[in-house]
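Each chain, written out:
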Amino acid sequence: MSIWWSLHLRREAASVPLARRLLLGAMETAGVDPDISFDLSVALSEACANAVEHGGPGAAGSPADGYRVTAYLDGEKCRIEVADGGPGFSDRAHLAGAGPAAESGRGLCLIEQLADHVSLRNRPGRGAVVSFDKVLKWRDGALLGAV
């Protein structure tokens, strides 16, 4: 069995904990191991915070006032995608992340440390997409569990 959900959220700071709580609730209900749930929720928070901060006005007619979060829990893997309608990454340096002493860019590094695979797509003038996934561990008696 698998589940997925998708949200369209406003680019407001209050949307970040909302997305995180929804993910944690879904994973708790499904029976995902709490440590895995925590890692994914922190990574999601970082991706959402980036969308709120950097997903500003993009091309005319783009949905730059918000961003989309989609999560898939399917057997042994969870995949999360956060897409905004902003200008996209201004240069390749933003895609590389930043070191621990940098003022910004640490969120992407944290996502890479917490997830098993990370994909960053730049859509200049139409936004950016951050996708990441992680192999799931399940609690005993989990509702979904890997089959």
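Above this text sits the structure in question.
Residues numbered from 1 in each chain as written. Predicted model: local features only at pLDDT ≥ 70, side-chain atom pairs only at ≥ 80, totals over all residues. Heavy atoms only, no water.

Chemist: How should the sheet that holds strand β3 (residues 77–84) be read in this particular structure?
Modeler: Two orientations exist for strands paired in a sheet by backbone hydrogen bonds: parallel and antiparallel. In spatial order, the strands read β1-β2-β3-β5-β4; together these five strands make up an open sheet with antiparallel pairing. Each having just a single partner strand, β1 (2–10) and β4 (117–123) make up the two edges of the open sheet. Neighbour-to-neighbour, the strand axes of this sheet turn through a mean angle of 10°, independent of strand direction. As paired strands, β3 and strand β5 (residues 127–135) are joined by seven bridges and run antiparallel to one another. Bridge pairing in β5 links cysteine 78 to lysine 134. Each of β1, β2 (66–74) and β3 touches helix α1 (residues 15–30); the most contacted strand, β1, lies at about 170° to it. Relative to the sheet, helix α2 (residues 34–54) contacts β2, β3 and β5, its axis offset from that of β5 by approximately 175°. (Pairing = 2+ DSSP bridges. Helix = DSSP H or I, 4+ residues; strand = E, 2+ residues; numbered from the N terminus. Axes fitted to C-alpha atoms, helices over the stretch in contact; angles between N-to-C directions. Contact = heavy atoms within 4.5 Å.)

Chemist: In this structure, what is going on with the pattern of salt bridges? I would like to understand it.
Modeler: Pairs may arise between side chains of opposite charge once their charged atoms sit close together. Under the defined criterion, the tally for this structure stands at six salt bridges. Between arginine 68 and glutamate 81 there is a salt bridge, with its nearest N and O atoms 2.6 Å apart. In this pair, arginine 68 sits in strand β2 while glutamate 81 sits in strand β3, placing the two residues 13 residues apart along the sequence. Relative accessible area serves as the criterion here: at 33%, arginine 68 is assigned to the partly exposed category. We note a salt bridge from arginine 79 to aspartate 133, for which the minimum N-O separation is 3.1 Å. Of this pair, arginine 79 sits in strand β3 while aspartate 133 sits in strand β5, and the two are 54 residues apart along the sequence. A relative accessible area of 8% means that aspartate 133 is categorised as buried. A cluster of three or more residues bridged by salt bridges with shared partners is formed by Arg68, Glu81 and Arg121. (Salt bridge = Lys/Arg side-chain N within 4 Å of Asp/Glu carboxyl O. Buried < 20%, exposed > 50% of the residue type's maximum accessible area, 1.4 Å probe, protein only.)

Interpretation in functional terms is not warranted from these geometric data alone.
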